[in-house]
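Structural overview for review
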Amino acid sequence: MTLDPPVLLLPWDPVQGTSYETKYGVIGGAAPYTWTSSNQQLATVSQMGVSEVLSRQLGDSNIVASMTRAAHNKAKGLVTVEPAVSLSLLESKLEFLVGSNIVLPLALYQADHKMFSRCLVPLNAHVTEKMDFTVSLQERDGEGCAALNVTGHSLSHTKVGVEFVYPDGNNQIQTLKDSTPVATYHSLVSTYPASGEGVLAVESKVQLVWRGGPQPWPLQPTSHYNPNCPLRTRS
């Protein structure tokens, strides 16, 4: 028998308290089950397999599901609450069309650089160009433990940042933060030839004119490049 999820690693929030609820699934065995928690001050579990963490404590708790008709058959899941020591925006797409949005996954890590299952702490997200971009927090979508949803309203660039500020056990203020530049662009459109297609004789050449597409980054000019794209030819 095993529990799903087998491990929950949650970040410590000493101000508002760590808060999370999950419904466990049991793989193997046969219902009904008897549910217990080894540390009810950190995490409780109902007889429906719903566990709730609502605590300002650090530590861990074993969530155990035992078969009622055969108590020796059991499955364990571990819930751990630890301090976050670093925050990082994960690698992702940074350029997008005007009027659309991108999702920037982010991760919180504990001391051994293990990523938390969920970023259940008060994160503050912001952009430098508030007239051109908006940003909001959302549940994770794939990788990471949360994500920033950035919408671009006009052709521009900005720096997107996120931070988590909290007092540690010694009443010292800890600030974890990261940022990245993002940019919007208009669709790439051929202005000459207007149709976007042309016919060339062998060993001849023609000048093509385009507008739109990704632009140089004023916030990070040395890291922006646009590789040459080969022309499609017809035989």
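In this report, the structure presented in the accompanying data block is examined. In this text the structure is predicted, and so the values were computed from the model without any measurement.

1. Quick look at the side chain of S55
Mapped onto the secondary structure, S55 falls in strand 7 (residues 50–55). Within the local environment of S55, its side chain forms a polar contact with the backbone oxygen of Q41, the two atoms lying 3.4 Å apart. In contact with S55, not counting residues within four places along its chain, are G17, T18, Q41 and L42.

2. Digging into unusual backbone geometry
Trans peptide bonds make up most of the peptide bonds, and negative phi angles are found at most residues other than glycine. That bond from D4 to P5 is cis: its omega, 5°, falls within 30 degrees of zero. Here P5 shows up in the loop between strand 1 (2–4) and strand 2 (7–11). In this structure, P193 follows Y192 across a cis peptide bond, with omega equal to -5°. Positive phi is not limited to glycine here, since H113 has a value of about 65°. Within the secondary structure, H113 sits in the loop between strand 12 (101–109) and strand 13 (124–127). Exposure remark for H113: the relative accessible area of 54% places this residue in the exposed category. Even without being a glycine, E203 presents a positive backbone phi close to 65°. Mapped onto the fold, E203 is located in the loop between strand 18 (189–192) and strand 19 (209–211).

3. A few points about the sheet that holds strand 17 (residues 173–185)
The sheet built from four strands is open, its strands ordered 11-17-16-13 with mixed pairing. At either margin of the open sheet sits one strand with a lone partner, and together these are strand 11 (95–97) and strand 13. If you compare each strand with its neighbour and ignore which way they point, the axes differ by 30° on average.

4. Concerning the state of the cysteines
Each disulfide is one covalent bond, formed between the sulfur atoms of two cysteines. The tally for this structure, following the rule as stated, stands at one disulfide. The disulfide partner of C119 is C145, and the S-S distance across this bridge is 1.7 Å. Separated by 26 residues along the polypeptide, C119 in the loop between strand 12 and strand 13 and C145 in the loop between strand 14 (133–138) and strand 15 (146–152) bring together distant segments of the chain. Residue classification places C119 among the buried residues on the basis of a relative accessible area of 10%. Residue class for C145 comes out buried when judged on its relative accessible area of 2%.

Here is what the cut-offs are and how they apply
Counting from 1, residues in each chain are numbered in the order their sequence is written. With pLDDT at 70 or above as the cut-off, local features in this predicted model cover only qualifying residues; side-chain atom pairs require 80 or more to be listed or tallied, and sums for whole chains, interfaces and linings still use all residues. To get the side-chain values, take all heavy atoms of the structure and skip hydrogens and water. Elements are defined by DSSP. Helices are runs of H or I of four residues or more, strands are runs of E of two residues or more, and each kind is numbered from the N terminus. Here a polar contact is recorded for every N or O atom pair within 3.5 Å, except that within protein the pair must consist of a potential hydrogen donor and a potential acceptor, and residues adjacent in sequence are included only if both atoms are side-chain atoms. The contact rule is simple, with two residues in contact once any of their heavy atoms fall within 4.5 Å. For every residue, the accessible area obtained with a 1.4 Å probe (protein chains only) is divided by the maximum for its type, and the residue is called buried under 20%, exposed over 50%, and partly exposed between those limits. A pair of strands is treated as paired once DSSP finds two or more bridges between them. A fitted line through C-alpha atoms serves as each axis, taken over the contacting stretch for helices, and the angle formed by two N-to-C directions is quoted from 0 to 180°. When the sulfur atoms of two cysteines come within 2.5 Å, that pair is taken as a disulfide.

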